[in-house]
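Survey of secondary and tertiary structure
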Amino acid sequence: MAFLGTVVRRAASCRPLPPSLCPATSRCYSSPGKQTTEKNVPYKKTLKQGGGAVSGPTKPLPKSADAVVIGGGSLGCQTVYHLAKMGMTNVVLLERDHLTAGTTWHTAGLLWQLRPSDVEVELLAHTRQVVSCDLEQETGLHTGWIQNGGLFIASNKQRLDEYKRLMTLGKVYGIESHVLSPAETKDLYPLMNVDDLYGTLYVPKDGTMDPAGTCTTLCRAATARGATVIENCPVTGIQVQTNDLGVKKVKAVETEYGTILTPCVVNCAGVWAQKLGRMAGVNVPLIAMHHAYVVTERIEGIQNMPNVRDHDASVYLRLQGDALSVGGYEQNPIFWEEVSDKFAFSLFDLNWDVFMQNIEGAINRIPALERTGIKSTVCGPESFTADHKPLMGEAPEVRGFFLGCGFNSAGMMLGGGCGKELAHWIIHGRPEKDMYGYDIRRFHHSLTDNNRWIRERSHESYAKNYSVVFPFDEPLAGRNMRKDPFYQELVAQGCVFQERHGWERPGWFNQEGPAPVLDYDYYGAYDASKNHNYKYNELLTREYTFDFPPHHDLIRDECLTCRNAVAVFDMSYFGKFYLVGPDAKKAADWLFSADVNKPMGSTVYTCMLNKRGGTESDLTVSRIEPGPSGSPLAPAFQGDAYYLAIGGGVAEHNWCHIHTVLQDMKFQCQLLDCSEDMGMISIQGPQSRSVLQEVLDSDLSNTAFPFSTHKVVKAAGHYVRAMRLSFVGEMGWELHIPREACVPVYRAVMEAGAKHGICNAGYRAIDSLSIEKGYRHWHADLRPDDTPLEAGLAFTCKLKSSIPFLGREALEAKKAQGLRRRIISLTINEKVPMFGLEAIFRNGEPVGHLRRADYGFAIDKTIGYGYIRDPDGGVVNPDFVRNGHFTMERMGVVYKATAHLKSPFDPESKRVKGIY
């Protein structure tokens, strides 16, 4: 085969790239034909004769700056552009070599508008707006944007179902897309083999970007507003100072040519981001891998064809004039190792046997490639992260040190949207959109410097880059990092675990015996011994569907046992903190939207807000007093103290949020983390009181132990903190238990519950039960850009009091203006699964999409929650909901829906009060 043979021949004759294209501490190799003309590399050579040291920075360094952005790739250029556009003119961009000389020079430059995330769709839309329109209007220069459309290839029903979900979400955002049959695909793309196609998704306004042209134009627009862009200026150090409160803050950036005083550093250094982070004592959990593609010679008839992603073949085909760029993602990528503080890679290191699988997939899709030679081969490093999402936001270790790196080959696509959000973050203290999924604080601090976890999870994110995104997928890599005291007990009882925040938390319980999570086998790559007869993986694989999963009935049994009898939930992964100190009451008043200063023994459900009124978290706060002598359930303290229980996935984020507020407000108090020291089980259901009355040495009657209170009691001879609360809408108690007492207390509960039909239940059941009752889930129904008023949680806000709290002014303003968006509950009568992202229509017009959906087994209906808007921009009040005719669309099929302003299950909340 001419194409395949050419790959091998050209690979064997590769030569070094021009030094100006290589980072100063690297050596890079590519084949002849890598384009290095002024058109594609818009900068002059500045090396001394003989290729020695660089001649020095292209501009003098200022003595100080409001912010210094490090890295002249897509993210660095987009960030400095947006900072300048938002009014921060005293900003400097430092590039160690030349613009795009790092990971950006070898990017494919593709832009696909549809992703399985509403936030990412919005980020991509902004990138497209900047590159295709804004920059040209501002500078008069063309960035190299080409709108030739995009085709997603589906070889099976599941893949096409995934694309239909994207198409449905696109309707909410006005993105044109079409599902095409194989014959229609052939009409659009005559060179394509469609014999093995199930269908395709065509998005006419997708396109490609020119990395060099885009970055050059971004910098020109930024400098026109006062920003300074300096090339040939490697950073050698970051100065950090510690104030009297022990808070570390950025002070300055050091280079060989001078020091810039600055309170803000932005790490956009790509694969060098980890090294830059170490200069400031900041962990940057990413890893670099080799990524390659080839550029073909001319192909007759390829002109103006759409770009193609054949996910099942793990290959992409980018139109490049009258040729194609062909690349893909293999399961055994080569790690780009660090040696003696220098990076090195070679094209010879690539596993061509594996890369040929991508080539063969490309030939199958475009048969003309078999007769086409190769013009050039491109290989370069790309950084990947543990969850295939970027690293952004202020580092928890050092104030003023921001991250904008780890973009998993999507830096050009996401650069515009992320650059804007990062700039807003720097200037205003938080982004405009919900960026939690990209926020570095989503990772627990015990993981961000764990090399095994970073390597395993980043490898899996690369290997699964083109995998179908299923609702119930779980990683196989980097598991068993954090295990609670109940872990072995639950493994023995068939628990199928989910990974969240490093914790192994119960997902659901199977009836086929233990299914432990095994060590990662790298999918058999690198001569690793592949796991065989791996029950956990087998159970996961059966869950990979967009229909009801095969274990749907087991989830139903857990839910109905909770509704009709009693169930035990292990919720130990929750963050558990103490807020203590002289100013604890002042801090609590300011931090929490609800009034938590109730009588001793009270527990209050509340939110924590940001200054825009958005919800940083929902949690429970309990006023506590010193525990019994020798009890680990309360620290030694003076004055007021509070016990905080926060969903584990947001615990690190909230820890950082609270610390920042305490520092900024100069409150004299401490936040103590006891998350690892305590376990937590929740016993819920009509029989929960009967079960626990045999275990706890306390009267559990409504009078003696009312809802939303807590006590330190004895269980099986051990002190525990019992709270009467519910996450599922039933009467029940949480037991917060010292680690060493967890197993004996759990066994006592199970023994007492045996005659009442007790069962273990997991988070899949919690998801169903909570949505059925109408309880909110943080980062699904509640995000940092959602206010409690919009989320139906106005009762958590002490607006009727005169107590100031963070976000109060924003809430009062929004309430006075009237809500322009509101969360509603929707049910459908047809028994079909929904998972979120389904479009919501009111009177035939798109008004929003589902944030979260599940099946409610007690009401026997599919339930979804989503925020809706008035297309005309009006107030969304209860009458707007009552007077509308609602439908929902799932994978292109429209279903009649009923809108609810109250929970469709137990709307008067009698059950949580023990009224059955």
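Computed from a predicted model, the values in this text were never measured in an experiment.

To continue, consider the packing of aromatic side chains. Each aromatic ring pair is described using two quantities: the centre-to-centre distance and the angle formed by the ring planes. In this structure the tally under the stated criterion is 29 aromatic pairs. Clustering of aromatic rings is evident, with ring pairs tying together Tyr316, Tyr329, Phe384, Tyr462 and Tyr466. For Arg721, the ring lying beneath its charged end belongs to Tyr643, and the centroid distance is 5.7 Å. The ring of Tyr867 carries Arg821 above its face, with NZ or CZ at 4.4 Å from the centroid.

Where helix H3 (residues 118-139) meets helix H9 (residues 411-428), the axes come as close as 7 Å, and the angle between the chain directions of the two elements is 95°. Compared by their axis directions, H3 and H9 come out roughly perpendicular. Only Met412, Met413, Leu414, Gly415, Gly416, Gly417, Cys418, Lys420 and Glu421 of H9 make contact with H3, whose side of the interface consists of Leu123, Leu124, His126 and Thr127. Partitioning the contact of H3 with H9 into residue classes produces 6 nonpolar, 5 polar and 2 charged.

So, about helix H6 (residues 211-224). Spanning 14 residues, H6 covers 20 Å between terminal C-alpha atoms, matching the ideal 20 Å at 1.5 Å per step. Summarising burial for H6: 10 of the 14 residues are buried, a large majority. Along its buried surface, H6 packs onto helix H2 (74-85), H3, strand E11 (228-230) and H9. One or two residues past the end of H6 sits Gly226, with phi positive at roughly 115°.

What follows concerns the confidence of the model for the chain. On average, the chain scores 90 in pLDDT, and the residues at 70 or more come to 91%. Predicted confidence for residues 1-53 stays below pLDDT 50, and this span has 118 contacts to residues more than four positions away or in other chains.

Looking now at the environment of Gly762. Secondary-structure assignment places Gly762 in the loop between strand E37 (759-761) and helix H18 (763-773). Given the relative accessible area of 1%, Gly762 is considered buried. In this structure, Gly762 is in contact with Pro506, Gly507, Trp508, Phe509, Glu558 and Phe569, ignoring residues within four places of it in sequence.

As a further point, take the nonpolar core. Judged by nonpolar contacts, the single largest core of 143 residues is most densely connected at Leu94, Phe401, Cys418 and Phe569. The residues contacting Phe569, other than those within four sequence positions of it, are Cys562, Met680, Ile681, Ser682, Gln684, Val728, Ala761, Gly762, Ala765, Ile766 and Leu769.

Reading across from one edge, E34-E35-E36-E33-E27-E37 is the order of the 6 strands in this open sheet, with mixed pairing throughout. Bordering the open sheet on either side are strand E34 (710-715) and E37, each of which pairs with just one other strand. Strand after strand, the sheet turns through a mean of 30° between neighbouring axes, direction not considered. Examined bridge by bridge, strand E27 (residues 567-570) and strand E33 (residues 678-684) share 4 bridges and lie antiparallel to one another. Looking at E33, one finds that Asp570 is bridged to Ile681. Across the sheet, helix H13 (residues 552-564) touches E27, E33 and E37, and the angle it forms with E37 is around 120°. Taken strand by strand, helix H17 (residues 742-753) contacts E27, E33, E34, strand E35 (718-723), strand E36 (732-738) and E37, and its axis lies near 150° from that of E36.

Right, let's get into the packing of H2 against H3. Running from N to C, H2 and H3 cross one another at 65°; their axes reach a closest spacing of 13 Å. Considering the relative orientation of H2 and H3, their crossing is left-handed. Residue-level contacts link Gln78, Tyr81, His82 and Lys85 of H2 to His126, Val130, Val131, Asp134, Leu135 and Glu138 of H3. Taken together, the residues of the contact of H2 with H3 break down into 4 nonpolar, 3 polar and 3 charged.

This part takes up the pattern of salt bridges. A complete count under the given rule lists 47 salt bridges for this structure. A salt bridge links Arg542 to Glu512, with the shortest nitrogen-to-oxygen separation between them at 2.9 Å. Of this pair, Arg542 sits in helix H12 (residues 535-542) while Glu512 sits in the loop between strand E26 (503-509) and H12, placing them 30 residues apart in sequence. We classify Arg542 as partly exposed; its relative accessible area is 35%. By relative accessible area, Glu512 is classed as partly exposed at 40%. One salt-bridge network, in which partners are shared between bridges, spans Asp786, Glu790, Lys814, Arg821 and Arg851.

Judged by which residues are buried, E27 turns out to be covered on both faces: Ala567 and Phe569 on one side and Val568 and Asp570 on the other are all buried. Strand direction decides the pairing type here: E27 and E37, joined by 3 bridges, are parallel. For Phe569, the partnering residue across the bridge sits in E37 and is Ala761.

Time to look at the environment of Trp778. Within the secondary structure, Trp778 is located in the loop between H18 and helix H19 (808-817). The exposure class of Trp778 is buried, given its relative accessible area of 15%. In the structure, Trp778 is positioned 564 residues away from Thr214 in sequence and 37 Å away in space, judged by C-alpha atoms. Ignoring anything within four residues of it in the chain, the contact list for Trp778 reads Tyr436, Thr615, Glu616, Ser617, Asp618, Val650, His653 and Pro784.

This next bit is on the sheet that holds strand E31 (residues 641-646). Backbone hydrogen bonds hold the strands of a sheet together, and the pairing may be parallel or antiparallel. With respect to topology, 5 strands assemble into an open sheet ordered E29-E30-E31-E28-E32, the strand pairing being antiparallel. Looking at strand neighbours, the two that pair on one side only are strand E29 (603-609) and strand E32 (670-673), the edges of this open sheet. Ignoring which end each strand starts from, the neighbouring axes of this sheet average 30° apart. The pairing of strand E30 (residues 615-623) with E31 spans 5 bridges and is antiparallel.

Time to look at the environment of Glu512. In this structure, the C-alpha to C-alpha distance between Glu512 and Gln320, residues 192 residues apart in sequence, is 53 Å. Beyond its immediate sequence surroundings of up to four residues, Glu512 is in contact with Lys535, Leu539 and Arg542. A distance of 2.9 Å separates polar atoms of two side chains, one belonging to Glu512 and the other to Arg542.

What counts, and where the lines are drawn
- Residues numbered from 1 in each chain as written.
- Predicted model: local features only at pLDDT ≥ 70, side-chain atom pairs only at ≥ 80, totals over all residues.
- Heavy atoms only, no water.
- Phe/Tyr/Trp six-rings, centres within 6.5 Å; stacked < 30°, edge-to-face > 60°.
- Lys NZ or Arg CZ within 6 Å of the ring centre and 35° of its normal.
- Axes fitted to C-alpha atoms, helices over the stretch in contact; angles between N-to-C directions.
- Helix = DSSP H or I, 4+ residues; strand = E, 2+ residues; numbered from the N terminus.
- Parallel < 35°, antiparallel > 145°, perpendicular 65-115°, else oblique.
- Contact = heavy atoms within 4.5 Å.
- Nonpolar A, V, L, I, M, F, W, Y, C, P; charged D, E, K, R; others polar.
- Expected span 1.5 Å × (residues − 1).
- Buried < 20%, exposed > 50% of the residue type's maximum accessible area, 1.4 Å probe, protein only.
- pLDDT = per-residue confidence, 0-100.
- Core = buried A, V, L, I, M, F, W, Y, C linked by side-chain atoms within 4.5 Å.
- Pairing = 2+ DSSP bridges.
- Left-handed = near helix turned anticlockwise from the far one by under 90°.
- Salt bridge = Lys/Arg side-chain N within 4 Å of Asp/Glu carboxyl O.
- Polar contact = N/O pair within 3.5 Å; in protein donor to acceptor, adjacent residues only side chain to side chain.

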